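Examination of the molecular architecture
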Amino acid sequence: MHICRHHVSPGILLILAASAIICGCITAPQEETVAISSNTTAYSPAMSHTVGIELAVYYTGSAEDSATYHWTADYGEFVIWTPPDYRVTPLGADAVTEDATVYWTYHPGQPGEEPAAVRVAVTIEENETGRTLATAERQIVREGSLYRLEAE
C-alpha cells in the first residue's frame, strides 16, 4: 500500500510519529560521555609507593568496545603499570593505548622548572576509522613537591 503524504492529514502524521516513538521504533542517539578520574590523591616520585597518578577514562558511547585512547601531556609522561608482574612500561608524553587506564609521572631532574599545573588530555578514537569519538581534559596541579589531579 502506498500512502501519498498529500492525502494524509497532519493529525494522522502526528499520531503515526507519536506511535513510532512510543513503540521504540525511533530512538534517540545514545549520548557519548567521557571523564578522566583518579584514585591517587597525591603523587611525588621521591616519596610515593606508586609509579604516578592513575588516570582512568570512563567512556560510554557508540564504539565503547572498539576504541583506542590517545593520551597527551604538556609535561611528564605516561606509563603503564600492570599485573601480574607490575612492570613499568614508559609510553612518553604522547601515547596511544587500548587500555583505559594509564599513569602520569615525571622524573625529578628533568630540565627546566616543574610547572605549577600540567594539562593531560585523552582523545577516544574509533579503532577502524581513527574517527574522534570524544575528548576529555584535566589539570594536574603541583602543591609543593606533590602533584594531584585537580578537582572538577
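Please refer to the structure higher up on the page.
Residues numbered from 1 in each chain as written. Predicted model: local features only at pLDDT ≥ 70, side-chain atom pairs only at ≥ 80, totals over all residues. Heavy atoms only, no water.

**Re the side chain of Arg138**
- Checked against the element boundaries, Arg138 lands in strand 9 (residues 132-143).
- Sequence-distant contacts of Arg138, that is, excluding residues within four places in its chain, are made with Ile36, Ser37, Val118, Arg119, Val120, Leu149, Glu150, Ala151 and Glu152. (Helix = DSSP H or I, 4+ residues; strand = E, 2+ residues; numbered from the N terminus. Contact = heavy atoms within 4.5 Å.)

**Here we look at the sheet that holds strand 7 (residues 101-105)**
- Strand order in the open sheet made by the five strands is 1-2-7-4-5, with antiparallel pairing throughout. A single partner strand is all that each edge strand has here, and the edge strands are strand 1 (33-37) and strand 5 (87-92). Pairwise comparison of adjacent strand axes, ignoring direction, gives a mean angle of 30° for this sheet.
- Bridge count for strand 4 (residues 77-82) against strand 5 is five bridges, and the pairing is antiparallel. Each bridged residue has a counterpart across the sheet, and for Ile80 the counterpart in strand 5 is Thr89. (Pairing = 2+ DSSP bridges. Axes fitted to C-alpha atoms, helices over the stretch in contact; angles between N-to-C directions.)

**Description of the nonpolar core**
- In terms of nonpolar packing, the biggest core is built from 26 residues, with Leu55, Trp71 and Trp104 touching the most fellow members.
- The set of elements that each furnish at least two residues to this core consists of strand 2 (53-60), strand 3 (67-73), strand 7, strand 8 (117-126), strand 9 and strand 10 (146-149). (Core = buried A, V, L, I, M, F, W, Y, C linked by side-chain atoms within 4.5 Å. Buried < 20%, exposed > 50% of the residue type's maximum accessible area, 1.4 Å probe, protein only.)

**Comments concerning the pairing of strand 8**
- Taken together, the seven bridges between strand 3 and strand 8 define a ladder with antiparallel strand orientation. Bridged to His70 within strand 8 is Thr123.
- Pairing between strand 8 and strand 9: nine bridges, direction antiparallel. Along strand 9, the bridge assignment pairs Val122 with Ala136.

**Let's talk about the packing of aromatic side chains**
- Summed over all chains, the structure comprises seven aromatic pairs.
- The interplanar angle of 65° and the centroid separation of 5.5 Å between the aromatic rings of Trp81 and Tyr86 together place this pair among those described as edge-to-face.
- A relative accessible area of 44% places Tyr86 in the partly exposed class.
- With 5.6 Å between their ring centres and 80° between their planes, Trp81 and Tyr103 make a pair best called edge-to-face. Linking Trp81 in strand 4 with Tyr103 in strand 7, this pair joins segments that are 22 residues apart in sequence.
- Taking the relative accessible area as the measure of exposure, Trp81 reaches 22% and is therefore partly exposed.
- Taken together through their ring pairs, the aromatic side chains of Tyr75, Trp104, Tyr106 and Tyr147 make up a single cluster. (Phe/Tyr/Trp six-rings, centres within 6.5 Å; stacked < 30°, edge-to-face > 60°.)

**Considerations on the pattern of salt bridges**
- A full pass over the atoms with the stated rule returns four salt bridges.
- For Asp85, the salt bridge goes to Arg87, with nearest N and O atoms at 3.7 Å.
- Overall, Asp85 belongs to the partly exposed group, its relative accessible area being 47%.
- Residues Arg119 and Glu137 are paired through a salt bridge, measuring 3.4 Å at the closest nitrogen-oxygen approach. Highlighted residues: Arg119 in strand 8 and Glu137 in strand 9, separated in sequence by 18 residues. (Salt bridge = Lys/Arg side-chain N within 4 Å of Asp/Glu carboxyl O.)

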